[in-house]
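Survey of secondary and tertiary structure
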Amino acid sequence: MKLTKSAAVGILLVCGSTMAGLAQASGLPQSPAPAGAKAYIVNLKDGDKVKSPFKVVFGLTGMGIAPAGVEKEDTGHHHLLINKSLEGPALQVNIPADDKHVHFGKGQTEAMVQLPPGRHVLQLVLGDHNHIPHVPPIVSEKITVIVE
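**Regarding the overall build of the protein chain**
- For the protein chain, the count of helices and strands is one helix and 10 strands.
- Going from N to C terminus, the protein chain has its helices and strands arranged as β-α-β-β-β-β-β-β-β-β-β.
- By residue count, 45% of the 148 residues in the protein chain fall in the buried class.
- Put simply, 72% of the contacts in the protein chain that link residues at least 6 apart link residues at least 24 apart.
- About 7500 Å² of surface is accessible on the protein chain, with carbon and sulfur atoms providing 56% of the total.

**Some words on the pattern of salt bridges**
- A full pass over the atoms with the stated rule returns three salt bridges.
- The partner of Glu110 in a salt bridge is Lys55, with the nearest N and O atoms 3.5 Å apart. Taken together, the residues span a long stretch of sequence, with Glu110 in strand 8 (residues 110-114) and Lys55 in strand 4 (residues 54-61) at a distance of 55 residues.
- For Glu110, a relative accessible area of 40% corresponds to the partly exposed category.

**A closer look at the side chain of His129**
- Mapped onto the fold, His129 is located in the loop between strand 9 (118-127) and strand 10 (143-147).
- One polar contact links His129 to Asn130, side chain to side chain, over a distance of 3.1 Å.
- Excluding its chain neighbours within four sequence positions, the residues that come into contact with His129 are Ser31, Ala68, Gly69, Val70 and Glu71.

**Re the nonpolar core**
- Membership of the largest hydrophobic core comes to 25 residues, with the highest contact counts inside it found for Leu44, Phe54, Val56, Leu80, Val113, Leu122 and Ile138.
- Among the secondary structure elements, those contributing two or more residues to this core are strand 2 (38-41), strand 4, strand 6 (75-82), strand 8, strand 9 and strand 10.
- With four residues, the top contributor of residues to this core is strand 4.
- Beyond its immediate chain neighbours, meaning those up to four positions away, Val56 contacts Ile41, Asn43, Leu44, Thr109, Glu110, Ala111, Val113 and Leu122.
- Judged by nonpolar contacts, the second largest core, of five residues, contains Leu81, Leu86, Leu91 and Val125.

**Considerations on the pairing of strand 10**
- Here strand 10 lies mainly inside the structure; four of its five residues are buried.
- One ladder, built from two bridges, connects strand 3 (residues 49-50) with strand 10; its direction is parallel. Its bridge partner lying in strand 10, Lys49 is registered against Ile146.

**Remarks on the side chain of His101**
- Here His101 shows up in strand 7 (residues 101-103).
- A polar contact of 2.8 Å, which involves the side chain of His101, links it to the side chain of Asp98.

**With respect to the environment of Val125**
- With respect to the helices and strands, Val125 occurs in strand 9.
- Of the residues examined, Val125 reaches a relative accessible area of 1% and is grouped as buried.
- Here Val125 is in contact with His77, His78, His79, Leu81, Leu86, Ile95, Pro133, Ile138 and Val139, once residues within four sequence places are set aside.

**Quick look at the pairing of strand 4**
- The element strand 4 is extensively covered by neighbouring structure, given that six of its eight residues are classed as buried.
- Bridge count for strand 2 against strand 4 is four bridges, and the pairing is antiparallel. In the strand pairing of strand 4, Lys38 is matched with Thr61.
- Sheet topology places strand 4 next to strand 8; four bridges connect them, and they run antiparallel. Bridging from a neighbouring strand, Lys55 pairs with Met112 of strand 8.

So, how was this worked out
Residues numbered from 1 in each chain as written. Predicted model: local features only at pLDDT ≥ 70, side-chain atom pairs only at ≥ 80, totals over all residues. Heavy atoms only, no water. Helix = DSSP H or I, 4+ residues; strand = E, 2+ residues; numbered from the N terminus. Buried < 20%, exposed > 50% of the residue type's maximum accessible area, 1.4 Å probe, protein only. Contact = heavy atoms within 4.5 Å. Areas by Shrake-Rupley, 256 points an atom, 1.4 Å probe, with all protein chains shown as cover. Salt bridge = Lys/Arg side-chain N within 4 Å of Asp/Glu carboxyl O. Polar contact = N/O pair within 3.5 Å; in protein donor to acceptor, adjacent residues only side chain to side chain. Core = buried A, V, L, I, M, F, W, Y, C linked by side-chain atoms within 4.5 Å. Pairing = 2+ DSSP bridges.

If you want it as structure tokens, here you go:
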């Protein structure tokens, strides 16, 4: 996956400055999520055909957005999972930072995504100030896009 230059720089700055702390943070408690909070992808639906790069707009109801490292009740920041899922114990520790788990720790609410042709599954996961999913986890429905 390829992001626009400004998105990539922002992600690298946030991830790079916090990676040492994040490696040790997996034992931290999870933040509670309010009842009814939902994450969703605003502009795409399951089965959409897109040309790369394409925009993904992140939606969130029942909570607010705060950058990584900012501890504020009922807030978090988005992570875009590409052809991956988080289940079981993986929903209780830091979300990895790689090309399949893209962090938006500056509080971004959209991104330009570049993927190779083919089918790709996208899902949003909201992480708290430590990149740990909330309890209960705030995840979007998975959608498949076909990159032409």
